[in-house]
Amino acid sequence: MRLAFLPVLLLFILLSSCAETKTKKSLKIRHQKDTIGFAQYNWQLDSLIARMDPKDQEPEDAVYKAAICPHDDYAYAGGLIYKTLQGIKAKTVILVGVAHRAGNFRLKDRVIFGSYNKWQSANGTIQVSPMRDQILQKLKKETFTVHDSMMQLEHSLEAITPFLQKLNPEVEIIPLLVPYMKFEDMETFSQDVSMALWDIMKAQKLAFGEDVAIVISNDAIHYGNTDWGGSNLALFGVDSIGNEKARQKDLELINSSLLGKITNKKVEDFTKTTVMEHDYKEYKWTWCGRYSTPFGLLLARDLNFMAEEELSTSLTGTLIDYRSSLHNPHIEVTDLGMGHTAPASNSHWVAFVGIGYY
């Protein structure tokens, strides 16, 4: 009887092994790309937070429906990233990222998703929400593409995810990237995504802000005449007067387009300021979030309209802070095994803004 039972046992072991192999293959983890500018270990993140200005560590009582958040090196922008994300309370966070290297894959005119189940983080791994695949099933085919190589190469969201998880260990994410895109397509695609998302939220009785929120990754002006791949991005020169003019122009753009009640005109004006009219793939004012920011705001505005239709409440932005790698103190990170991916000087600096939306 033992001999007769042996083939059955072997078959059971073989099937179990195949099932385990299939499970491992289906579990796709998106690994961290930038291990210099961003923390890759929990102890690094804890040490970094401990070194932040105490005001950046203060809890935020307000609940943001959306936020614009920096993604520069933690030494430069870590404090503002953490401060900005304090208002994100939702378990499910839609991450709207920049697609810096979209040209590598000739990606444009469609929203980019990935198929990863989890994202590597300084705190372990972060679960990708099952809502992602539910959304994709509802979207029009011309709205999106799934491209894991682009998602793996892009760093603009992995600056944000560790802090989100530190603030809420149960957080789940829906990452998407916005490559070169015309404003008219942003309007169409954001409406498609918002409608799909709202259908799911209604069915699951989820509230915008409390259960689902949007975080838009963006760095503001990239300025200077050195270390920009041979490009001169110093419209006003790199002396103290020129740098201050660039800073003031940035603040004017933020005040006129990104704060207060968000309207279609404000978002369109932002695009006209940052993107060339004759070639939508070219910078006019060098914000790397020239596509992620307007798309994310249109998405948040559309979703807010559907969620608050009876109340007629407009999505409203409030400035958290505006800083730069030139004008603000840096956090010491070299002894933590971290560093800087770019210099900070009069001839090369990046600005960043934190904005909360209600």
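Source: prediction; values computed, not measured.

Asks: Provide a residue-level description of the overall build of the protein, including the pertinent values.
Replies: Per the secondary structure count, the protein includes 11 helices and 13 strands. Relative to the compact-globule value of 21 Å for 358 residues, the protein shows a C-alpha radius of gyration of 22 Å, a close match. Once the C-alpha set of the protein is aligned to its principal axes, its extents read approximately 90 × 55 × 40 Å. Counting every position in the protein, which comprises 358 residues, the buried fraction comes to 51%. For the protein, the exposed area adds up to about 16,300 Å²; of that, 53% sits on carbon and sulfur atoms. Taking the 38 positively charged and 43 negatively charged side chains of the protein as two groups, their mean positions are separated by 6 Å.

Asks: Can you explain the packing of aromatic side chains? Please cite residues and give values.
Replies: Evaluation of the coordinates by the stated rule reveals 10 aromatic pairs. Considering the side-chain rings of Y64 and Y358, the 5.5 Å spacing of their centres and the 85 degrees angle between planes classify their relative orientation as edge-to-face. Highlighted residues: Y64 in the loop between α3 (54–57) and β2 (66–69) and Y358 in the segment after β13 (348–357), separated in sequence by 294 residues. Owing to a relative accessible area of 3%, Y64 belongs among the buried residues under this scheme.

Asks: An account of unusual backbone geometry is requested, with residue identities and associated values reported.
Replies: The backbone of R106 sits at a positive phi, close to 55 degrees, despite the residue not being glycine. Its location among the elements puts R106 in the loop between β3 (92–98) and β4 (111–113). A positive phi is found at D109, a non-glycine position, where the angle reads about 65 degrees. On the accessibility criterion, D109 (22% relative accessible area) is partly exposed.

Asks: Describe in detail the pattern of salt bridges, supporting the description with residues and values.
Replies: Counting across every chain of the model gives 13 salt bridges. When the shortest N-O distance is used, the salt bridge between E244 and R247 registers 3.5 Å. Within this pair, E244 and its partner R247 are both found in helix α9 (residues 240–257), separated by three residues, close to a single helical turn. Since its relative accessible area comes to 31%, E244 is described here as partly exposed. Given a relative accessible area of 23%, R247 falls into the partly exposed group. Each of D56, D321 and R323 takes part in salt bridges that share partners, so that together they form one network.

Asks: Requested: an account of the confidence of the model for the protein, with residues and values cited.
Replies: When pLDDT is low, close inspection of the predicted coordinates is not appropriate. Looking at the protein, pLDDT values average 93 and 92% of them are 70 or higher. Considering only residues more than four positions removed or in separate chains, one finds that residues 1–25, a stretch of pLDDT under 50, has zero contacts.

Asks: Please provide a residue-by-residue account of the environment of I331, values included.
Replies: Structurally, I331 is set in the loop between β12 (316–324) and β13. Excluding residues that lie within four positions of it along the chain, I331 makes contacts with L48, R51, M52, Y74, A75 and G79.

Asks: An account of the packing of helix α10 (residues 264–274) against helix α11 (residues 292–307) is requested, with residue identities and associated values reported.
Replies: Contact geometry for α10 and α11: axes closest at 9 Å, N-to-C directions at 170 degrees. Looking at the two axes, α10 sits roughly antiparallel to α11. Contact residues: α10 offers N264, V267, F270 and T271, while α11 offers T293, P294, L297, L298 and R301. Among the residues forming the contact of α10 with α11, the class breakdown is five nonpolar, three polar and one charged.

How each quantity is defined
Residues numbered from 1 in each chain as written. Predicted model: local features only at pLDDT ≥ 70, side-chain atom pairs only at ≥ 80, totals over all residues. Heavy atoms only, no water. Helix = DSSP H or I, 4+ residues; strand = E, 2+ residues; numbered from the N terminus. Rg over C-alpha atoms; globule rule 2.2 N^0.38 Å. Buried < 20%, exposed > 50% of the residue type's maximum accessible area, 1.4 Å probe, protein only. Areas by Shrake-Rupley, 256 points an atom, 1.4 Å probe, with all protein chains shown as cover. Lys, Arg positive; Asp, Glu negative; His and termini not counted. Charge placed at Lys NZ, Arg CZ, Asp CG, Glu CD. Phe/Tyr/Trp six-rings, centres within 6.5 Å; stacked < 30°, edge-to-face > 60°. Salt bridge = Lys/Arg side-chain N within 4 Å of Asp/Glu carboxyl O. pLDDT = per-residue confidence, 0-100. Contact = heavy atoms within 4.5 Å. Axes fitted to C-alpha atoms, helices over the stretch in contact; angles between N-to-C directions. Parallel < 35°, antiparallel > 145°, perpendicular 65-115°, else oblique. Nonpolar A, V, L, I, M, F, W, Y, C, P; charged D, E, K, R; others polar.

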